[in-house]
Every structure is written in C-alpha cells, then in structure tokens.
Amino acid sequence: QIVPLWIAPNLLTFSGFVMILFNYFLISFYDWDYTASGTSPGLVPTWVWLFSAFTTFCAYALDSIDGKHARRTQSSTPLGELFDHGLDSWATSIFVLSFFSVCSRDNGKTGVSVYTMYIYLSIVLFNFMCSHWEKYNTGVLFLPWGYDISQVVLIAAYLLTGTVGVEVWQKPLLFGYYITDVLVILLIGFSLFLSFPQTLYNIHRAHLKKTLKNDSLYEGLLPLVSPLLLFILLTVWVVLSPSNILAKQPRLFLWMVGVAFSNVICKVIICQMSSTRPELFHWFLFPLALVVYAAVSGLLGSMEEAVLGVFTTLVTAAHVHYGVCVGWQLSEHLNIYIFSLKKRVQE
C-alpha cells in the first residue's frame, strides 16, 4: 500500500535486481577469490555484511510485491511476468555467489571447496529450472516454500556475520560439523526429498487429471535437454581442466555458469508463456563445447584463464543483449513502456 500508484511494477522488479547485483560486485571487490573470510577475517568490512542483509531483504520484498502491485495498478502483462522470472533466473545464481564469500573457500581447516560451491550452485539452479519445467508442462507455477526459507537464511547469515564476525563460520557447530556443512546437507535434502519429488508429483497429478499441456513424453522432457547438456559440458571442464580452472578462477567460472543457465532458462520461460516448443540445442552449447574441447585437450595451454575471461564476457554481453531486445520487442508489441505505466503513442 505504500508504493505510489504511478510506479511501474517492472521498476520494483528491476530495482531489487540492481541492488543484489551492486551488492555482488561490492563483495567481489573485497573478496574476488573467496578467501577473505578464511585467511583475512577483517578484510571485508562489517558494514558490507550488514549492507548485504539489507539489499537481500529489499530484493526479496520487491520481488514479492511486484506482482501484487501490477494487479493493484491493473498493469499485469506478459512482459512483466517474463521480466520478473527472467531476472529471477539470473538473481538465483547471484544470491548464491554472494553467500560463498561468507563461508569462504577451503583453506585446509575451514571453508568449502570450490567443487562444493559448484555443486551447491548447480543444485540451486536445478531447483529453479524444475519449477519452470513444471509450469511448462502443467501451466501452473508452483513456488515451493524453500525459496522463502532460503531468503530468510541468507538475510540471517549476513546479519550473523556482520554482528559476530566471519569467525562464527569457522567454528564447529555440533558434533564437529560446521554451519556450512549443515546448510549443504539441508540444501541437498530439500532438493532431493522435497522440491524435486513435489515437481514430479504435480506433473503426475496433472497427467491423471488430463490437464497436461504436453501429452507427448518427448515434448514434456524437451526443455530439460539444453540445461542437462550445459551442466555436462561445464562439469567436464571442471573435472578435466589441465590448469584446474575452477580453483584458479572460481568467481569468474561460477558467474559464467549462472549467466549461461539464466539465458537457457529464459528461453524455456518464453516457450512456456507462449505455448511454443523450445529449441533442442541452445546456441550457447556450441561455442561452449568448442571451448571445453580446446581446454581439456590442452590446446589452450596457458591461455585457458584468458579464454574463460573472454568467453564469460561474451556470454554476459549476449545475455544482456537478449534481455534488452526481448523486452523492447514485447513493449512495442503490447504498446507499453517497460518502466512506465504510460501508454505508447501509436505511430
């Protein structure tokens, strides 16, 4: 009720995304390689953790009210839905990548390994994908309460770190287990035993009720092909990299993983909204396959890090370009502005 009626819902969505993006780059400035909390506990100022709690809460709140505000202003559109879910697909990875700075990477005593970070991120992205794969098949977006819990845990973790210090993550919590161990166990448990089974159950129930949007098994599984191939290619690079690229450039590599996934899932969201068939192979897969082959075969040699940097830059630029173009085309087609409630003037 406190949001002025002249503010466009997309502006709320985008403001929340910009806040977590700014927070991510702020943490990256102090902790590029995820070692600050483990080796230099005071390197990241206390105010940064408190600011992280504030931005996470604001982004969570704005993401929760943008749809309600759209209905309140009678401005609900497919553009708003795509804008919301599209930014969520990117924000999901940014939330996780920012949190890794709290627990730090493994320093031999505490922290989590970069491989655990990769698995952690992959599971979170898998959960996000399942929600939209479910909607692609059932037409209903079932948002599990695990999302709300994750946001509350993130905010609490930042507040705890800002109040007590990063040392709290480096002390055993119970029976020799650290807080990070407990969080990883909970994440895997929620994913394998709650979230994914719920998705399968909802699809099965829709099948029994004959309300599935896709009767063919092939059509139903089609959206999973590109994300699965993306994960396989990235995992091959992680495991077989001659220079151990994930250990050398964890932040850059994990950022690339999040951006590539976001672009793949955005196309699934568009297909789900427009009732069209998703492409079998996302175009990102082809240049990625070439880069992975060149890396694991040793062709890149000492240039592997540089190639990762170039590839990450190109993928990010392509994703931003894609988002801008789709948003602009939809705004013209629907005769609306993205960040304003005013109607376009018909030419």
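Residues numbered from 1 in each chain as written. Predicted model: local features only at pLDDT ≥ 70, side-chain atom pairs only at ≥ 80, totals over all residues. Heavy atoms only, no water.

As recorded by an unreviewed UniProt entry, the chain carries the name Ethanolaminephosphotransferase 1 and is attributed to Chloropsis cyanopogon. The heading Subcellular location (unreviewed entry) in the UniProt record of the chain holds the text "Endoplasmic reticulum membrane". (UniProt positions renumbered as here; feature names shortened; annotations may be inferred.)

Asks: Just checking my understanding: could you explain the side chain of Asn23 for this structure?
Replies: Inspection of the secondary structure puts Asn23 in helix H1 (residues 9-30). We classify Asn23 as buried; its relative accessible area is 3%. Among the polar contacts listed, one links the side chain of Asn23 to the side chain of Ser52, at a separation of 2.8 Å. Ignoring anything within four residues of it in the chain, the contact list for Asn23 reads Val48, Phe51, Ser52, Thr55 and Ser98. (Helix = DSSP H or I, 4+ residues; strand = E, 2+ residues; numbered from the N terminus. Buried < 20%, exposed > 50% of the residue type's maximum accessible area, 1.4 Å probe, protein only. Polar contact = N/O pair within 3.5 Å; in protein donor to acceptor, adjacent residues only side chain to side chain. Contact = heavy atoms within 4.5 Å.)

Asks: Looking at this structure, how should I read the pattern of salt bridges?
Replies: Oppositely charged side chains are able to pair whenever their charged atoms sit close together. Counting across every chain of the model gives four salt bridges. The residue Glu81 makes a salt bridge to Lys135 at a minimum N-O spacing of 2.6 Å. Here Glu81 is found in helix H4 (residues 78-103), whereas its partner Lys135 is found in helix H5 (residues 114-138), with 54 residues between them in sequence. Look at Glu81 and you get partly exposed, because its relative accessible area is 26%. The salt bridge partner of Arg277 is Glu219, with a shortest N-O separation of 2.3 Å. Within this pair, whereas Arg277 is found in the loop between helix H11 (250-274) and helix H12 (285-296), its partner Glu219 is found in helix H8 (residues 217-221), the two being separated by 58 residues in sequence. (Salt bridge = Lys/Arg side-chain N within 4 Å of Asp/Glu carboxyl O.)

Asks: What should I look at first to understand unusual backbone geometry in this one?
Replies: If a residue is not glycine, its phi is most likely negative; likewise, a peptide bond is most likely trans. A positive phi angle is found at Ser104, which is not glycine, with a value near 65°. Owing to a relative accessible area of 0%, Ser104 belongs among the buried residues under this scheme. Of note in this structure, Asn335 is not a glycine but carries a positive phi near 60°. Among the structural elements, Asn335 can be located in the segment after helix H13 (304-333). By relative accessible area, Asn335 is classed as buried at 18%.

Asks: I keep staring at the environment of Cys103 and nothing clicks. Help me out?
Replies: Inspection of the secondary structure puts Cys103 in helix H4. For Cys103, a relative accessible area of 5% corresponds to the buried category. Between the C-alpha atoms of Cys103 and Trp169, which are 66 residues apart in sequence, the distance is 5.9 Å.

Asks: When you look at the packing of aromatic side chains in this model, what are you seeing that I'm missing?
Replies: Each aromatic ring pair is characterised by the separation of its centres together with the angle its planes make. Going through the model one piece at a time under the given rule, you end up with 23 aromatic pairs. A centroid spacing of 6.5 Å and a plane angle of 65° characterise the contact between Tyr118 and Phe253, whose relative ring orientation is edge-to-face. Here the residue Tyr118 occupies a position in helix H5, and Phe253 occupies one in helix H11, the gap between them amounting to 135 residues. Each member of the pair, Tyr118 as well as Phe253, is classed as buried. One aromatic cluster is present, built from ring pairs that chain together Phe17, Tyr24, Phe25, Trp90 and Trp255. The aromatic ring of Tyr34 is capped on one face by Arg251, whose charged end is 4.1 Å from the ring centroid. (Phe/Tyr/Trp six-rings, centres within 6.5 Å; stacked < 30°, edge-to-face > 60°. Lys NZ or Arg CZ within 6 Å of the ring centre and 35° of its normal.)

Asks: What is the right way to read the packing of H11 against H13 from this model?
Replies: Two quantities define a packed helix pair, namely the angle between the axes and the distance from one axis to the other. Here H11 crosses H13 at 30°, and the two axes come no closer than 9 Å. By the angle between their directions, the pair H11 and H13 is classed as roughly parallel. Considering only the axes of H11 and H13, their crossing is left-handed. Taken together, the residues of H13 that come into contact with H11 (itself represented by Leu252, Phe253, Trp255, Met256, Val259, Ala260, Ser262, Asn263, Cys266, Lys267 and Ile270) are Leu308, Gly309, Phe311, Thr312, Val315, Thr316, His319, Tyr322 and Val326. Class assignment of the residues belonging to the contact of H11 with H13 gives a composition of 13 nonpolar, six polar and one charged. (Axes fitted to C-alpha atoms, helices over the stretch in contact; angles between N-to-C directions. Parallel < 35°, antiparallel > 145°, perpendicular 65-115°, else oblique. Left-handed = near helix turned anticlockwise from the far one by under 90°. Nonpolar A, V, L, I, M, F, W, Y, C, P; charged D, E, K, R; others polar.)

Asks: Would you mind showing me how to read the layout of surface pockets here?
Replies: Looking at the second largest pocket, its volume works out to about 450 Å³. Along the walls of the second largest pocket sit 21 residues, with Phe83, Leu87, Val320, Gly323 and Val324 positioned nearest its centre. Where the lining of the second largest pocket is concerned, the elements lending two or more residues are H1, H4, H11 and H13. (1 Å grid on protein atoms, 1.4 Å probe; cavity = no way out; pocket = protein on both sides within 12 Å on 5 of 7 lines; lining within 4 Å. Points joined across faces, edges and corners; volume = space filled by probe spheres on them.)

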